[in-house]
Amino acid sequence: MAGIPPQQTLYINNLNDKLHKDELKRNLYLLFSQYGPLMDVVCSKVYRMRGQGFVAFKDINSATTAMRQLQGYFFFEKPLRIQYSRNKADVVARLDGTYSAKKKRERKEKEKEREREKERLRQKRKESVITDRSDREAKRRKQEEEAQTRDRVASLMTVVPVRPAD
């Protein structure tokens, strides 16, 4: 991306997501450590972050060299796509004093709130389905009762010939 300024942290995607997390981290460390000292390698196997990772270097020059040299490099049968990360790695932010756990906490709270909202919607849909079933059953029972009442009234209204008394 053209709008992202150079920094120590690289964002890597198109990683092979069939590898175990530890194996992926170890191999990324071995690959990128050739270009300079690394501070951190982060990979996640959650669905949203599958096939993506971050590598934090000690300096920007190492990160830039690694990005240029490894762009398109076939890593476990897939070409790497590398760019500068939009955000600093936590380890870099801690070192330069700009780290804020608040952002992470807010992000987690928002995610929890989204999950709670999804659960509320699921519960509401479930209740509406139950209500719909109950309403349909009640309507069916009422129709059956009305039909039985009509049958009784119809049978009572049947004219039975009365024999004259002798």
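This text gives an overview of the structure that appears in the document.

Parameters and conventions
Residues numbered from 1 in each chain as written. Predicted model: local features only at pLDDT ≥ 70, side-chain atom pairs only at ≥ 80, totals over all residues. Heavy atoms only, no water. 1 Å grid on protein atoms, 1.4 Å probe; cavity = no way out; pocket = protein on both sides within 12 Å on 5 of 7 lines; lining within 4 Å. Points joined across faces, edges and corners; volume = space filled by probe spheres on them. Helix = DSSP H or I, 4+ residues; strand = E, 2+ residues; numbered from the N terminus. Nonpolar A, V, L, I, M, F, W, Y, C, P; charged D, E, K, R; others polar. Buried < 20%, exposed > 50% of the residue type's maximum accessible area, 1.4 Å probe, protein only. Polar contact = N/O pair within 3.5 Å; in protein donor to acceptor, adjacent residues only side chain to side chain. Salt bridge = Lys/Arg side-chain N within 4 Å of Asp/Glu carboxyl O. Pairing = 2+ DSSP bridges. Axes fitted to C-alpha atoms, helices over the stretch in contact; angles between N-to-C directions. Contact = heavy atoms within 4.5 Å.

Here we take up the layout of surface pockets. Quantified by volume, the largest pocket comes out at close to 1500 Å³. Forming the walls of the largest pocket are 35 residues, and the residues nearest its centre are Met49, Phe54, Asn87, Lys104 and Arg107. Take the lining of the largest pocket: its biggest share by element is 6 residues, from helix 4 (residues 101-157). Residues belonging to the lining of the largest pocket are distributed by class as follows: 13 nonpolar, 9 polar and 13 charged.

Here we take up the side chain of Ser85. Relative to the assigned elements, Ser85 resides in the loop between strand 6 (81-84) and helix 3 (90-96). On the basis of relative accessibility, which here comes to 4%, the residue Ser85 falls in the buried class. Within the structure, the side chain of Ser85 is placed 2.7 Å from the backbone oxygen of Asn87, a separation counted as a polar contact.

It is worth spelling out the pattern of salt bridges at this point. Inspection of the entire model under this criterion finds 10 salt bridges. Glu111 is paired through a salt bridge with Arg48; the nearest N and O atoms lie 3.8 Å apart. Residue Glu111 is located in helix 4, and its partner Arg48 is located in the loop between strand 2 (38-43) and strand 3 (52-57); the two are separated by 63 residues in the primary sequence. With a relative accessible area of 62%, Arg48 lands in the exposed category.

With that out of the way, let us pick up the sheet that holds strand 1 (residues 9-13). Ordered in space as 2-3-1-6, the 4 strands form an open sheet in which the pairing is antiparallel. Because the sheet does not close on itself, it has two edges, and the strands there are strand 2 and strand 6. Between one strand and the next, the sheet's axes are offset by a mean angle of 20°, whatever the strand orientation. Sitting on the sheet, helix 1 (residues 21-32) is in contact with strand 1, strand 2, strand 3 and strand 6, with an inclination near 145° to strand 2. Along the sheet face, helix 2 (residues 60-70) touches strand 1, strand 3 and strand 6 and points at about 155° away from the line of strand 6.

What follows covers helix 2. Inspection of helix 2 places Ser62, Ala63, Thr64, Ala66, Met67 and Leu70 among the buried residues, and these make up the whole buried set. Buried residues belonging to helix 2 abut strand 1, helix 1, strand 3 and strand 6. Phi turns positive, to about 85°, at Gly72, one or two residues after helix 2.

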